[in-house]
Amino acid sequence: MRRSSRRARSAPKASRSPKRRIIFGRLGIDTHSVLEAAGTKWNFLKFTPGLVGGHCIGVDPYYLTHKAQAVGYHPEVILAGRRVNDGMGGYIVSQVVRLMIKRGLPVQGARVLVLGLAFKENCPDIRNTRVVDVVSEFQQYGAKVDVHDPWVDAAEAQHEYGIALVDPAAGDYDAIVLAVAHREFTEASRRK
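Nothing here was measured: the structure is a model prediction, and the numbers come from that model.

Calculation notes
- Residues numbered from 1 in each chain as written.
- Predicted model: local features only at pLDDT ≥ 70, side-chain atom pairs only at ≥ 80, totals over all residues.
- Heavy atoms only, no water.
- Helix = DSSP H or I, 4+ residues; strand = E, 2+ residues; numbered from the N terminus.
- Buried < 20%, exposed > 50% of the residue type's maximum accessible area, 1.4 Å probe, protein only.
- Contact = heavy atoms within 4.5 Å.
- Areas by Shrake-Rupley, 256 points an atom, 1.4 Å probe, with all protein chains shown as cover.
- Axes fitted to C-alpha atoms, helices over the stretch in contact; angles between N-to-C directions.
- Parallel < 35°, antiparallel > 145°, perpendicular 65-115°, else oblique.
- Left-handed = near helix turned anticlockwise from the far one by under 90°.
- Nonpolar A, V, L, I, M, F, W, Y, C, P; charged D, E, K, R; others polar.
- Pairing = 2+ DSSP bridges.
- Right-handed = clockwise from strand over helix to strand, strands pointing away.
- Salt bridge = Lys/Arg side-chain N within 4 Å of Asp/Glu carboxyl O.
- Core = buried A, V, L, I, M, F, W, Y, C linked by side-chain atoms within 4.5 Å.

## Concerning the overall build of the protein chain
A tally of helices and strands in the protein chain yields nine helices and three strands. Listed by position from the N terminus, the elements making up the protein chain come as α-α-α-α-α-α-β-α-β-α-β-α. Looking at the 192 residues of the protein chain, the share that counts as buried comes to 34%. Here the contacts in the protein chain between residues at least 6 apart in sequence split such that 72% fall between residues at least 24 apart. For the protein chain, the exposed area adds up to about 12200 Å²; of that, 53% sits on carbon and sulfur atoms.

Below is the structure:
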């Protein structure tokens, strides 16, 4: 009995969350509503879709795939998961751009605020953050992008990625993207 209990509690890998976001988006299903409903199940572990960066999930699978290929095995599932995760920045931006166009907002020259730069919430670590992909994608559309992250050291952000962190002025943006769910951002959202 204990064994099946453990199996029931096993959670999907974090890399599956972005895939769910894409599938639900194409089906017109609100991801957060699905997660809220699933959360009523006693053994559900909530993993929310997002950018997967950092020094573990974002990098370590490549060490494993390299070794696997060196011994003649092609780890297709691991590589496919990494491809999906690596493309999430572009996917997020395409969804925001689509919403902007629907609302009659020009994308080229738009002011976009990206909230968060760290690779995960409530931590200052920016190693291998995928938020830079979001910034880059918006810039390719000709948008003017500001990034705000109260957890990240501004000098490190500038040195590592050439990103100057800002303290945003309310109401000055055409689009705001919550890239990293820092406590400060989620609590402010709940208060509104």
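## What to know about the packing of helix 6 (residues 88-102) against helix 7 (residues 131-140)
Look at helix 6 against helix 7: their axes get within 8 Å of each other, and the N-to-C directions meet at 45°. One way to sum up the angle between helix 6 and helix 7 is to call them oblique. As for the relative orientation of helix 6 and helix 7, their crossing is right-handed in sense. Only Asp133, Val134, Glu137 and Phe138 of helix 7 make contact with helix 6, whose side of the interface consists of Gly89, Gly90, Val93, Val96 and Val97. Here the contact of helix 6 with helix 7 is built from residues that sort into five nonpolar, two polar and two charged.

## Quick look at the side chain of Thr65
Along the chain, Thr65 falls in helix 4 (residues 60-70). Setting aside residues no more than four positions away along its own chain, Thr65 makes contact with Pro75, Ile78 and Leu79.

## Side note on the pairing of strand 2 (residues 144-148)
Taken across its five residues, strand 2 has four buried, putting it largely inside the fold. As paired strands, strand 1 (residues 111-115) and strand 2 are joined by five bridges and run parallel to one another. Counterpart to Val114 in the pairing with strand 2 is Val147. Read as a crossover between parallel neighbours, the route from strand 1 over helix 7 to strand 2 is right-handed.

## Remarks on the pattern of salt bridges
What the rule picks out here adds up to four salt bridges. Where Arg130 meets Asp86, a salt bridge forms, and the shortest distance between an N and an O atom there is 3.7 Å. Note that Arg130 is positioned in the loop between strand 1 and helix 7 and Asp86 in helix 5 (residues 76-86), a separation of 44 residues in sequence. The closest approach of N and O atoms between Arg130 and Asp133, which form a salt bridge, is 2.8 Å. One network of salt bridges, with partners in common, ties together Asp86, Arg130 and Asp133.

## Structural notes on the environment of Ser136
Looking at the secondary structure, you find Ser136 in helix 7. Expressed as a C-alpha distance, the spacing of Ser136 and Gly89, which sit 47 residues apart in the sequence, is 8.7 Å.

## What about the sheet that holds strand 3 (residues 175-178)?
Spatially, three strands are ordered 2-1-3 in an open sheet, and the strand pairing comes out parallel. Of all the strands in the sheet, just strand 2 and strand 3 have a single pairing partner and so form its edges. Ignoring which end each strand starts from, the neighbouring axes of this sheet average 20° apart.

## Observations concerning the nonpolar core
Nonpolar side chains in soluble globular proteins generally cluster together in the buried interior. Within the largest apolar cluster, 26 residues are counted, with the highest numbers of intra-cluster contacts made by Val114, Leu117, Phe138 and Val147. Of all elements in the fold, only helix 6, strand 1, helix 7, strand 2 and strand 3 reach the threshold of two or more residues within this core. Here this core takes five residues from helix 7, the largest share from any one element. When sequence neighbours within four positions are dropped, the list of residues in contact with Val147 reads Val114, Gly116, Leu117, Val135, Ile163, Ala164, Leu165 and Val166.

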